[in-house]
Amino acid sequence: MKALKLDHVGIAVEDLDAALAIYTGVLGLELHGTEVVEEQKVKTAFLPLGGSEIELLATTDPEGPIGKFIAAKGQGIQHLAFRVED
């Protein structure tokens, strides 16, 4: 397997609206869209940056994966996603 590029950086946040205010208002990034992923109990927001994206992840349920991540480790980078050849 060969990594072609960094596809996106997933960042767990407690408050999606507050995080978006920073990423769009302060850093000048453009919101590309939001999505609720019910099975993961998360609401996501995508912000393109160069050839990659920032994915903000806010829990919709404290018992979901992001809720548990934030409870254990706080806000911050939760994952890196690489685009690969296949």
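See the structure above.
Residues numbered from 1 in each chain as written. Predicted model: local features only at pLDDT ≥ 70, side-chain atom pairs only at ≥ 80, totals over all residues. Heavy atoms only, no water.

Engineer: Which residues make up the overall build of the chain, and what are the values?
Structural biologist: Secondary structure assignment for the chain yields two helices and five strands. The linear arrangement of helices and strands in the chain, starting from the amino end, is β-α-β-β-β-α-β. Computed over C-alpha atoms, the radius of gyration of the chain comes to 13 Å, within 12% of the 12 Å expected from 2.2 N^0.38 for 86 residues, which places it in the range of a compact globule. Summarising its shape, the C-alpha atoms of the chain cover approximately 35 × 30 × 20 Å along the three principal directions. Out of the 86 residues belonging to the chain, those deemed buried represent 34%. Put simply, 54% of the contacts in the chain that link residues at least 6 apart link residues at least 24 apart. (Helix = DSSP H or I, 4+ residues; strand = E, 2+ residues; numbered from the N terminus. Rg over C-alpha atoms; globule rule 2.2 N^0.38 Å. Buried < 20%, exposed > 50% of the residue type's maximum accessible area, 1.4 Å probe, protein only. Contact = heavy atoms within 4.5 Å.)

Engineer: Outline helix α2 (residues 65–73), listing residues and values.
Structural biologist: For α2, the complete set of buried residues consists of I66, G67, F69 and I70. Buried positions in α2, seen along its axis, are confined to an arc of 160° and lie on one side of it. Facing away from the buried surface of α2 by more than 90 degrees, the exposed residues are A71 and A72. Elements that come into contact with the buried residues of α2 comprise β1 (3–12), β3 (42–49), β4 (52–59) and β5 (76–84). Within two residues after α2, G74 carries a phi angle of roughly 85°, on the positive side. (Arc of directions from axis to C-beta.)

Engineer: How would you explain the pairing of strand β2 (residues 33–37) if you had to name every residue and give the values?
Structural biologist: Successive side chains on a regular strand alternate, one facing one side of the sheet and the next facing the other. Bridge count for β2 against β3 is five bridges, and the pairing is antiparallel. When the bridges of β3 are listed, G33 appears paired with F46. (Pairing = 2+ DSSP bridges.)

Engineer: Residue-level account of the nonpolar core, with values.
Structural biologist: The biggest cluster of nonpolar side chains holds 13 residues, and the ones touching the most others in it are I11, V13, L16, Y23, L47, I54 and L56. When residues of this core are traced back to their parent elements, those giving at least two are β1, α1 (16–26), β3 and β4. With near-sequence residues (within four places) excluded, I11 lies in contact with Y23, I54, E55, L56, L57, G76, I77 and Q78. (Core = buried A, V, L, I, M, F, W, Y, C linked by side-chain atoms within 4.5 Å.)

Engineer: Which residues make up the sheet that holds β3, and what values do they have?
Structural biologist: What the five strands build is an open sheet, ordered β2-β3-β4-β1-β5; its pairing is mixed. With one partner strand each, in any of the chains shown, β2 and β5 form the two edges of the open sheet. Sheet twist, expressed as the mean angle between neighbouring strand axes with direction ignored, is 25°. For β1 and β4, the ladder comprises five bridges, and the chain directions are parallel. Note that in β4 the partner of A12 across the bridge is L57. (Axes fitted to C-alpha atoms, helices over the stretch in contact; angles between N-to-C directions.)

Engineer: So what's going on with a nonpolar patch on the surface? Which residues, and what values?
Structural biologist: On the surface, L6, I77, L80 and F82 cluster together into a nonpolar patch covering about 390 Å² of accessible area. Considering each element in turn, the nonpolar patch owes the most residues, three residues, to β5. Mapped onto the elements, L80 comes out in strand β5. The class of L80 is partly exposed, set by a relative accessible area of 48%. (Patch = residues over 30% accessible without salt bridge, like charges linked within 9 Å, V, L, I, M, F, W, Y side chains within 5 Å. Areas by Shrake-Rupley, 256 points an atom, 1.4 Å probe, with all protein chains shown as cover. Salt bridge = Lys/Arg side-chain N within 4 Å of Asp/Glu carboxyl O.)

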